[in-house]
Amino acid sequence: MAIFSVYVVNKAGGLIYQLDHYAPRSDTEKTFSFPLDLVLRPHDERVVVAFGQRDGIRVGHAVLAINGAEVNGRFTADGKDVLEFLGNPANYPVSIRFGRHRLSSNEKLMLASMFHSLFAIGSQLSPEVGSSGIEMLETDTFKLHCFQTLTGTVGPWAPAPSASSGLSVLALPYAPGILAPGIKFMVLADPRQTGIDALLRKIYEIYSDFALKNPFYSLEMPIRCELFDQNLKLALEVAEKAGPFGPGS
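First, a word on what this report is: a plain description of the structure on this page.

Thresholds, definitions, all that
- Residues numbered from 1 in each chain as written.
- Predicted model: local features only at pLDDT ≥ 70, side-chain atom pairs only at ≥ 80, totals over all residues.
- Heavy atoms only, no water.
- Pairing = 2+ DSSP bridges.
- Helix = DSSP H or I, 4+ residues; strand = E, 2+ residues; numbered from the N terminus.
- Axes fitted to C-alpha atoms, helices over the stretch in contact; angles between N-to-C directions.
- Contact = heavy atoms within 4.5 Å.
- Expected span 1.5 Å × (residues − 1).
- Buried < 20%, exposed > 50% of the residue type's maximum accessible area, 1.4 Å probe, protein only.
- Patch = residues over 30% accessible without salt bridge, like charges linked within 9 Å, V, L, I, M, F, W, Y side chains within 5 Å.
- Areas by Shrake-Rupley, 256 points an atom, 1.4 Å probe, with all protein chains shown as cover.
- Salt bridge = Lys/Arg side-chain N within 4 Å of Asp/Glu carboxyl O.
- Phe/Tyr/Trp six-rings, centres within 6.5 Å; stacked < 30°, edge-to-face > 60°.
- Lys NZ or Arg CZ within 6 Å of the ring centre and 35° of its normal.

1. Description of the sheet that holds strand S9 (residues 136–138)
Alright, step 1. An order of S2-S1-S11-S10-S9 is seen for the 5 strands of this open sheet, with the pairing classed as antiparallel. Sheet topology places strand S2 (15–20) and S9 at the edges, where each strand pairs with a single neighbour. Between one strand and the next, the sheet's axes are offset by a mean angle of 10°, whatever the strand orientation.
Alright, step 2. Its contacts with the sheet put helix H2 (residues 105–125) on strand S1 (3–9), S2, S9, strand S10 (143–148) and strand S11 (184–189), and the angle it makes with S2 is roughly 115°.

Below is the structure:
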């Protein structure tokens, strides 16, 4: 069992934190002779398998390296077009490493924004008023779990500002216990992984303790706090071992 990654999305749908915790290896490297018995096509600035599967190489896998040198999108390490290089019989035999394409920072930003929109659509499609939105998406290889803070939520570790005080949540951006509205915490994990609900709430607690209480952190902005990183990684390790999150953990 494993936890693959963590995403934190602000109320506007912007990705403010992302951590790749564990990536299962699916790379396959083989030596080929000419002609190549796989059909390759350019797709989104990379070269992928369009037809033909063998030895763990699947349709959709991208060319990651040629003769041990990492490719750069549709070009080899020395700047040659990958398809032209592989179409030249003089370059064979050739060793090609295939695998799943690693998401770029821009792709992660785009996907986080798309999920934010799907979450809102899910809430609106609900026949019941006050739907929580998408809490889990399940596939055969992973589950996406989502926990969204309530709008205007004030944590139990600090009382809500009273009307007589003349203070509001927005007037206290760094006050302990006051959480940004509508923050989404998402965890991608192995379908067999347990304890994700407790982990999501633990991440919520870590966010409030080590991001919001940091006087140098601005709400809705990317999280760059060393203590947040350290405590999040520790929480993921505990969750993978199916440990509880008790008081003071």
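There is more to say after this.
2. Regarding helix H3 (residues 196–212)
Alright, step 1. Spanning 17 residues, H3 covers 23 Å between terminal C-alpha atoms, matching the ideal 24 Å at 1.5 Å per step.
Alright, step 2. Three or more residues of H3 are buried, namely Ile-196, Leu-199, Leu-200, Lys-202, Ile-203, Tyr-204, Ile-206, Tyr-207, Ser-208, Ala-211 and Leu-212.
Alright, step 3. Buried-residue contacts for H3 involve S1, S10, S11 and helix H4 (226–240).

3. A few points about a nonpolar patch on the surface
Alright, step 1. Together, Leu-103, Met-110, Leu-111 and Met-114 line one region of the surface with nonpolar side chains, adding up to about 360 Å² of accessible area.
Alright, step 2. Mapped onto the fold, Met-110 is located in helix H2.
Alright, step 3. On the accessibility criterion, Met-110 (46% relative accessible area) is partly exposed.

4. A closer look at the packing of aromatic side chains
Alright, step 1. Under the criterion given, the structure shown has 7 aromatic pairs.
Alright, step 2. Centroid distance Phe-185 to Tyr-207: 5.4 Å. Interplanar angle 70°. Geometry classified as edge-to-face. Here the residue Phe-185 occupies a position in strand S11, and Tyr-207 occupies one in helix H3, the gap between them amounting to 22 residues.
Alright, step 3. On the accessibility criterion, Tyr-207 (1% relative accessible area) is buried.
Alright, step 4. These aromatic residues form a ring-pair network of at least three members: Phe-147, Phe-185, Tyr-204 and Tyr-207.
Alright, step 5. Just above the ring of Phe-119 sits the side chain of Lys-184; from NZ or CZ to the centre is 4.8 Å.

5. Let's talk about the side chain of His-61
Alright, step 1. Mapped onto the fold, His-61 is located in the loop between strand S5 (46–51) and strand S6 (62–66).
Alright, step 2. A relative accessible area of 12% means that His-61 is categorised as buried.
Alright, step 3. Among residues more than four places away in sequence, those in contact with His-61 are Ser-26, Val-47, Val-48, Val-49, Gly-56, Phe-98, Gly-99 and Arg-100.

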